Structure formats: C-alpha cells, structure tokens
Amino acid sequence: MLTRLAEIDWSSMSHAYGTAEEVPDLLVAMASDDEEVRDKAFSRFYSVVHHQGDVYARTIAAVPFLVELAEAERSAARAQLVRVLASISEACLDHSGVYYTVGGELFDFGDAAATMAGHALLFERFATHPDPQVRLAAIPAVAHFPTKPARTAALLQDWLGAEVGVLQRLAVVNAPVALALRRPDTAEMVMAWLEGLAANTGVDVTIRLAALSGRARCTPDDVPAGLVASAVDLIRAVGQSPAPTEQWANQPKPKKQPAPAAGVPPFVTAAFEQIEHSNTVFAPTTGLLRELHQALGDRITDRALLLSEQLRSPDAGTRLDGIRMAGDMMTKWRGDHSALILLIADRLRGPAQVAAEAATVLGTCHRLAEPAREALAERVAHKDCDEHDGPQLWAADEPRLRRAHQEAVLTLARLGDARALPSLLVALDEDVDAWRAIPAATHLPQCARQFAPRLRTRLAALDVAKAPKHHDKGARALLSALTTFGDPDTLPLALTLLDAAMKHEHWGIATEAAKALGTFGTPTTPAVPMLRQLVSCPDWTARTAALVALWQIGGNEQEALEMVGAHLVGPAVFHDDGVGTVLGELGPAAADLTPHLRKLLADNYEWKRVHAAESLWLIAGEPEAQTVIEVLLQTWTQNQMTGSFVVTVLDRMGPAAAPALPQLRAEIRKRRRGGRFDTIDTDEDLVAMCQKLIDLLE
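Residues numbered from 1 in each chain as written. Predicted model: local features only at pLDDT ≥ 70, side-chain atom pairs only at ≥ 80, totals over all residues. Heavy atoms only, no water.

## Regarding the overall build of the protein
When its secondary structure is counted, the protein shows 37 helices and four strands. Radius of gyration (C-alpha) of the protein: 30 Å, near the 26 Å computed for a compact globule of 698 residues. The principal-axis extent of the C-alpha atoms belonging to the protein is close to 80 × 60 × 55 Å. For the protein, with 698 residues in total, the buried portion stands at 53%. Across the protein, every contact between residues at least 6 apart in sequence was considered, and the portion connecting residues at least 24 apart equals 67%. As presented, the protein carries roughly 32,000 Å² of accessible surface, and 53% of it is formed by carbon and sulfur atoms. The averaged location of the 88 negative side-chain charges in the protein is 2 Å from the averaged location of its 67 positive side-chain charges. (Helix = DSSP H or I, 4+ residues; strand = E, 2+ residues; numbered from the N terminus. Rg over C-alpha atoms; globule rule 2.2 N^0.38 Å. Buried < 20%, exposed > 50% of the residue type's maximum accessible area, 1.4 Å probe, protein only. Contact = heavy atoms within 4.5 Å. Areas by Shrake-Rupley, 256 points an atom, 1.4 Å probe, with all protein chains shown as cover. Lys, Arg positive; Asp, Glu negative; His and termini not counted. Charge placed at Lys NZ, Arg CZ, Asp CG, Glu CD.)

This is how it looks when you write it as structure tokens:
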C-alpha cells in the first residue's frame, strides 16, 4: 500500500504549522497495527492537514491514499478513515472559487469538490458495510455529491428498513434532510417521506421524532401545524422507554487523565473541560432535538412546550438535554422564562449529574435565576455522603457532586445571597478551587468582614515574578473584590504590588494595581510617582490605567490634558478604559482635543467611534448632538455589541437623544438578545435602558 506516496512533492505544500513533508509518515502511521500509533496519527492529521475541519492542497493530495487505506482488505482503522474522508467531503460543499491558505497557496475549491464527488460511490458502498461504525461514518456523506439526487434519496429511505443500529438509523433519516436542503428538487419527495415516517406508529419513537425534526428543518419558516404537539407526545414516549445506553453510545476507551501542564492556570483547564462537556451527547435524541430547537428559532412558546416535556422526562439523558437546551434558548432569546427557571430549579433536587447541569445553567441566567433562589439554597445545604456535607461538599472527591455544589454556590452568590458564604470560605481556607470563589465574593459585599482578611492574605502572597504575563487573573480577581469592598487595608498592598509589577515589567498586574489605586482617590497620593512612571511604560493598557488613576487621585488638569491628548493620537485602540470619563470631567477645558475626537469618529473600528462620540458630547455638548447621534446609531447598526454602551451615552444626552427613538423602539421589538458580550444580564440592562429612554423621550 501507499507505494505512490513518493510521487507527490509534499515539500511544495504547507500545512497549518509548517511544511507538509510529514504527511506521508502520518498516512503510514494510520495503517499501523498499533492502536496508539494510529490514534496519534489521526489526531495529528486533523490538527495540521485537515486543520479546523477545512481543506487545503495537502488535504486533497492525501485523499487518494486515505481511500486506498480505507478500501484495504484488512484495515484496522476503516471507520476512522471513512470519517476523515466524509469530513473532507463535507468541507468542500459550501466553498467555491479561490481560497488563499497559509503561506499564500492558491487553492480552488471547485477542483476539491470534483475530487470528492468522484468518490461518491465509495460512501454508498461503505454505508452498507458490516461494521456499524463504518456505516455510521459513511451514511451522512452519501448525500454530499449525489450524481442522481432522487435515486440517492430513495436509496437512503430503503436503507432504513435494513438498518438495526440506533445511531445508524438516525443518520439514515438525517441524510435525506441534508440532501433536500442542498438540492431543492428532492425536497418534496423527502418531506413526504418524513411526514409518513413520523406518522407511522409501527416505527421506533426515536426515529419518528427524528423525522419530525427533519421535517421542521426542511421549511423552518413554515413548520407544519401540529408538529410541535406531535413532538411533545414522542418526547414523552421516549422518556417512558429510552434506548439502553449500550445500544447507541460508543463505549469510550479507558484513558489516563493527563496531569495539568506546568504553569497552566486552573481557569484555562476548566475552560477546556467545559468545551468538552458542552459536546457531551446524553441521549440518542440529543442531536435531533437540538436541530429541532434550532429550526423553531424564535418560536419561544413552542420551544418552551418541548423543553417542559424534556425537563419532566423520567429519562436522565432527556432531562440533561432539556436543561442544556433551555439554557441555550434563554441565553439567546428574550421572553418570560420564569416557568422554565422553576422547572430547572426542581432538577436541583435530582442526582448529582442532573443537579450540576441545572446549577450550571441557572448560573448563566444570573438575575433571571431569582425564582430558583430557595432551591439553590437547599442544594447548597444538601447532605449527600458520609465524607462531606453542607459547605464541605465544595471539596467533595466525587466530581459530579462537587460540581453540583460549587455551581449552586456560585449561582446563589451571584444573587447576592449570603447563604453561599460558608462554602466560599471553605474554598479559601482549604485552598480548593479558590479561583472560582474569589470572583463570587464581589457579589457579597455584606460579607466583606469575612472575605477581606483572607483575600488580603492571598494578595500579599502573590509572587509577581512567577505570575503568567499573558493570562493572569489572580491579581485582577483579588483586587476587584477588595476594591468592591472598599477595603482601606488594600491600599498598601496595591502600592507594593504596583512596585513589583513595574520592576518585573508585568504590565497586566500593573494595570490592575493602577486601577485599584485609582478607586481609593486622594489617600493614594504616595502612588503618584509610580503612576507617572507607569504612564511612560511600553504597554498602552497600563499607561492608560495610570493616566486615569492619576486623575482619580486628584491630578493636575494641565497634566491630564497633555496625557489624554497623547492617548488620543496614540496607536492603541480607544476603548472603554475610563478616558472618556476623564474628558467628561475636564469638560470645556478639553476643547482643544475635539479635532482629534472628530478624526476618530471616522475610524474603521466601531469601538473607537462610539467612545470618541461619547467624549465629544461630554466636552462640547449640545452643538455636537447631531454628529454624536449619527455616529452612535450608525455604529450600533453595524455592531450590535455596542448597543449597551450606546444607550448609556444616549441616556447621558437626555432630550437631545430624541432622534434615536426609532432605533430604541426597534431594539425593544427584537426577540433575539443583544448587548455587549451577548449575556442575559447585559441584554436585560439594554432593554431596561431602552424602555427608560423611550418613556423619557416620547
């Protein structure tokens, strides 16, 4: 096998991280009898040859060899090979024309698509292979490049009766849907088949539910009447007799859990764990219900009916999916979600895995989680094992129990509820996931007396020389909490921290220390020499923080004007760093800076424009109202993320913001959430501010 590998000039091609010369070795390793060698080769292939699921010259050059390996009589990795080929095929579907790859390669996706279309029959053959994993990999690709779409649709429908695997049958139902979406000439035939399948009581309920989901996806703007009610009935039936896990889930190979790499902060590790968790498949219906919710879009009432049934299901997998999908809907769409919140709160009383999922979703809801307050407190006080109970569950050895408790504590803390305090103190005193507890402390200012000494001890022990320079959150979280408490004993620690950060050129920590010192105002005068020195450092963010802190401490007006002037003409992004507030307090004294601000109003970067508009209003006021309004509204239209900031400026403008009324009303009418960072809290604030302005201006 692979005798023609040497005929390809791999050195003339690049991959994601360098030359493609290693591709032959990877292909040879994919054919190894050693499973570990094969797995490493496939992982590397996805990383550098099929990078991020896209295709390049080196990817297509490898296709004939992948086909050769997959068709070999004795192929130990046939399913993996077919999966790679199907992924490459799918990546070619939605591209056309010329694509520039890393290194300036010129790549024609039309040729790539033609190459994969030439292997269409290969996927048909593998779709009926004896190995169920090979079939599962091949079935979706049958719909990618059919030479006769109607024949392919009919072929897929015929396969359903012969297929026995749950996931394979679901793939057979899904493939014609994908075909209909790409080839409208098959849509009528496919939709009729799906409707008949969904109504066939002799078919497994999971397949009928998949047919309903597929039918909704075919015409998401015109979902048939009664489809949602039928889906609710089928979800109920699935819950009464769920497919056993061993029939549908791939049994994972035992893996050694690698120790965290040295120097990797715990929040980075947790972020990757969360990504992996978010891709967890809890039931064979996970994918099809997710697609059904996506097809229903802003039909919140219909989706709430589905979610209510999912959340009440006796099947744990269906409940887990319901919790996660409810969180997705509430995060993306506005509406009265209190009934869903209460249903999710009820799940806190369930097993640890379900409770953990419920607490996590409630955490993303922030203030909307208020109806769940008592259920959260009950979970926090929960006694579940002999080894730990109550607050000690924060450090429980069992991961799900620990996660359920921690998420409930953090959500309760965000609601400002002091019943979260005992667990957070366990985190700090026993140094167990303390990085999660410190930010939560900022939501409990009434507990400052208990938190402040512990946080100061941690701040004093922080070694700037060893702190990571690019992703340090330790100093930021500690200083944020202590300044929120207005703790005066933090002042000398912040001075020491700033001095150390400047000596070690740790500009991230220097920035946070400067911001903290600024909040203390005039008592921070000993920091003035260091802050003046920081204004000249090479890091623009730290320089800006020093500028603002000097003004907050009680800086000289002329000095502030000179520093702000340098800031406006500098190379850095003009972002929400407090400079606008300084300009506003300087007022007319900063009039000489308005030419710089007008220049920024035409900048390509929208955040520069909105902050320049705010500053122009604060300095010049009414005469610049029309210009400021035009820039704010135009930028808001271009980038919805600026909306939260724009309405804040409009609020400052008062009656002068009247021309913004149409856009404010339009924002209120939207169903999809907006605001900066697309979080529930920022959107709720955005809507409230819009309504306040509408009431004021009408």
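## Some words on the side chain of histidine 51
Residue placement: histidine 51 occurs in the loop between helix 2 (35–49) and helix 3 (57–71). Polar contacts involving the side chain of histidine 51 include one to the main-chain carbonyl oxygen of serine 47, which spans 2.8 Å. Among all residues touching histidine 51, those that are not within four sequence positions of it are Ala16, Tyr17, Tyr46, Tyr56 and Arg58. (Polar contact = N/O pair within 3.5 Å; in protein donor to acceptor, adjacent residues only side chain to side chain.)

## Description of unusual backbone geometry
Positive phi, normally seen in glycine, also occurs at glutamine 52, with a value near 55 degrees. Within the secondary structure layout, glutamine 52 lies in the loop between helix 2 and helix 3. Residue histidine 366 is not a glycine yet carries a positive backbone phi of 50 degrees. Turning to its location among the elements, histidine 366 is positioned in the loop between helix 19 (352–365) and helix 20 (373–380). By relative accessible area, histidine 366 is classed as partly exposed at 27%.

## Some details on the packing of aromatic side chains
According to the stated counting rule, one finds three aromatic pairs in the structure shown. Between tryptophan 10 and phenylalanine 65, the ring centres sit 6.3 Å apart and the planes meet at 50 degrees, which makes this aromatic pair tilted. Of this pair, tryptophan 10 sits in the segment before strand 1 (14–15) while phenylalanine 65 sits in helix 3, and the two are 55 residues apart along the sequence. No difference in accessibility class separates tryptophan 10 from phenylalanine 65, as the two residues are buried. Taken together, a centroid distance of 6.4 Å and an interplanar angle of 65 degrees make the contact between tryptophan 607 and phenylalanine 645 edge-to-face. With tryptophan 607 in helix 33 (residues 606–620) and phenylalanine 645 in helix 35 (residues 643–653), the pair connects residues that are 38 residues apart, well separated along the chain. (Phe/Tyr/Trp six-rings, centres within 6.5 Å; stacked < 30°, edge-to-face > 60°.)

## Comments concerning the side chain of serine 644
As for its placement among the helices and strands, serine 644 is situated in helix 35. When residues no more than four places from it in sequence are discounted, the contact partners of serine 644 are Gly675, Arg676, Thr682 and Leu686.

## Notes on the confidence of the model for the protein
This prediction gives the protein a mean pLDDT of 89; 92% of its residues lie at or above 70. Residue range residues 252–257 is modelled with pLDDT below 50. Its contacts to residues more than four positions away, or to other chains, number two contacts. (pLDDT = per-residue confidence, 0-100.)

## A closer look at helix 25 (residues 474–485)
In a regular helix each residue adds 1.5 Å, so 12 residues correspond to 16 Å; helix 25 covers 17 Å between its end C-alpha atoms and thus fits that length. Listing the buried residues of helix 25 in full gives Ala475, Ala477, Leu478, Leu479, Ala481, Leu482 and Phe485. Check the buried side of helix 25 and you find it contacts helix 23 (434–441), helix 24 (448–461), helix 26 (490–503) and helix 27 (507–519). Positive backbone phi, approximately 65 degrees, marks glycine 486, located one or two places after helix 25. (Expected span 1.5 Å × (residues − 1).)

## What about the environment of serine 14?
Of note, serine 14 is situated in strand 1. Assessed through its relative accessible area of 17%, serine 14 is described here as buried. Along the chain, serine 14 and valine 48 lie 34 residues apart, while their C-alpha atoms are 9.2 Å from each other.

## Quick look at the packing of helix 16 (residues 300–312) against helix 17 (residues 316–332)
Packed helices, taken two at a time, are described by their axes: the angle between them and the distance between them. Where helix 16 meets helix 17, the axes come as close as 8 Å, and the angle between the chain directions of the two elements is 150 degrees. With respect to each other, helix 16 and helix 17 are oriented roughly antiparallel. The hand of the helix 16/helix 17 crossing is left-handed. Contacts from Ile300, Arg303, Leu307, Gln310 and Leu311 of helix 16 reach helix 17 at Thr318, Arg319, Asp321, Gly322, Ile323, Met325, Ala326 and Met329. In the contact of helix 16 with helix 17, the residues fall into seven nonpolar, three polar and three charged. (Axes fitted to C-alpha atoms, helices over the stretch in contact; angles between N-to-C directions. Parallel < 35°, antiparallel > 145°, perpendicular 65-115°, else oblique. Left-handed = near helix turned anticlockwise from the far one by under 90°. Nonpolar A, V, L, I, M, F, W, Y, C, P; charged D, E, K, R; others polar.)

## Section: the packing of helix 8 (residues 149–162) against helix 10 (residues 187–199)
Contact geometry for helix 8 and helix 10: axes closest at 10 Å, N-to-C directions at 15 degrees. With respect to each other, helix 8 and helix 10 are oriented roughly parallel. The handedness of the crossing between helix 8 and helix 10 is right-handed. Residues Ala150, Ala153, Ala154, Gln157 and Leu160 of helix 8 lie in contact with helix 10, whose contacting residues are Met189, Val190, Trp193 and Leu197. Here the residues of the contact of helix 8 with helix 10 are counted per class, giving eight nonpolar, one polar and no charged.

## Looking at the pattern of salt bridges
Applying the stated criterion across every chain yields a total of 41 salt bridges. Linking arginine 183 and aspartate 185 is a salt bridge whose minimum nitrogen-to-oxygen distance equals 3.5 Å. Residue aspartate 417 is joined to arginine 373 by a salt bridge in which the shortest nitrogen-to-oxygen separation is 3.0 Å. Here the residue aspartate 417 occupies a position in the loop between helix 21 (399–414) and helix 22 (421–429), and arginine 373 occupies one in helix 20, the gap between them amounting to 44 residues. Relative accessible area serves as the criterion here: at 7%, aspartate 417 is assigned to the buried category. Overall, the relative accessible area of 19% leaves arginine 373 in the buried class. Through salt bridges that share partners, Arg334, Glu667, Lys670, Arg673, Asp683 and Glu684 make up one connected network. (Salt bridge = Lys/Arg side-chain N within 4 Å of Asp/Glu carboxyl O.)

## Points about the environment of arginine 454
Of note, arginine 454 is situated in helix 24. Taking C-alpha positions, arginine 454 is 8.7 Å from leucine 425, a pair spaced 29 residues apart along the chain. Once you skip the residues sitting within four places of it in the chain, arginine 454 turns out to touch Leu425, Leu428 and Asp429. Polar contacts involving the side chain of arginine 454 include one to the side chain of aspartate 429, which spans 2.7 Å.

## Examining the environment of threonine 637
In this fold, threonine 637 is placed in helix 34 (residues 625–638). When its relative accessible area of 53% is taken as the criterion, threonine 637 is described as exposed. In this structure, the C-alpha to C-alpha distance between threonine 637 and tryptophan 507, residues 130 residues apart in sequence, is 35 Å.

## Some details on helix 31 (residues 579–586)
If you check which residues of helix 31 are buried, you get Val579, Gly580, Val582, Leu583 and Leu586. Across the axial projection of helix 31, the buried residues extend over an arc of 160 degrees, all falling on one side. Check the buried side of helix 31 and you find it contacts helix 29 (540–554), helix 30 (557–568), helix 32 (594–600) and helix 33. Positive phi shows up at glycine 587, right after helix 31, with a value of about 60 degrees. (Arc of directions from axis to C-beta.)

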